[in-house]
Amino acid sequence: MGGEFEEAVLGWARAEGEQEARRERLGQSLMSVKDVARFLRVSEKTVRRMEARGKLRRCVGLDYLVRFRPSDVLRLASAK
């Protein structure tokens, strides 16, 4: 029974992530690694390090595309 519950929760989380990604695509423009690097005046490698360290979170449900919410980038910029 525990396995069925975990599968159900994972299925729900995936569906929620896909819906969030669709909303983001429709609601606001997302920023690429290059866009974020230009905005923050850092290298693209630094942006990838920030993501790896958890300072930036990529949008889910976009498969191979790496995109960030402008609101997350602004939050990070204001914390500097």
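Provided above is the structure to which this section pertains.
What counts, and at which threshold
Residues numbered from 1 in each chain as written. Predicted model: local features only at pLDDT ≥ 70, side-chain atom pairs only at ≥ 80, totals over all residues. Heavy atoms only, no water. Axes fitted to C-alpha atoms, helices over the stretch in contact; angles between N-to-C directions. Helix = DSSP H or I, 4+ residues; strand = E, 2+ residues; numbered from the N terminus. Parallel < 35°, antiparallel > 145°, perpendicular 65-115°, else oblique. Contact = heavy atoms within 4.5 Å. Nonpolar A, V, L, I, M, F, W, Y, C, P; charged D, E, K, R; others polar. Buried < 20%, exposed > 50% of the residue type's maximum accessible area, 1.4 Å probe, protein only. Core = buried A, V, L, I, M, F, W, Y, C linked by side-chain atoms within 4.5 Å.

**A word on the packing of helix H2 (residues 33–40) against helix H3 (residues 44–52)**
Two measures define how a pair of helices packs: the angle their axes make with one another and the distance between the axes. Their axes nearest at 8 Å, the elements H2 and H3 cross at an angle of 105°. Classed by the angle they form, the pair H2 and H3 counts as roughly perpendicular. Of the residues in H3, those in contact with Val33, Lys34, Val36, Ala37 and Leu40 of H2 are Glu44, Val47, Arg48 and Met50. Counted by class, the contact of H2 with H3 contains six nonpolar, no polar and three charged residues.

**Side note on the side chain of Asp72**
Its place among the elements puts Asp72 in helix H4 (residues 70–79). On the accessibility criterion, Asp72 (12% relative accessible area) is buried. If near-sequence neighbours (up to four positions away) are discounted, Asp72 is found in contact with Leu56 and Arg57.

**Digging into unusual backbone geometry**
Note: most peptide bonds trans; most residues except glycine with negative phi. Notably, Arg41 is not glycine yet its phi reads approximately 60°, a positive angle. Overall, the relative accessible area of 78% leaves Arg41 in the exposed class.

**Let's talk about the nonpolar core**
In this structure, Met31, Val33, Val36, Ala37, Leu40, Val47, Met50, Leu56, Val66, Phe68, Val73 and Leu76 together form the largest nonpolar core, which totals twelve residues. For this core, the secondary-structure elements that each account for two or more residues are H2, H3 and H4. Broken down by element, this core gets its largest block of residues, four residues, from H2. Excluding residues within four positions of it along the chain, Val33 makes contact with Glu44, Val47, Arg48, Val66 and Phe68.

None of the figures reported here should be taken as evidence of function without further support.
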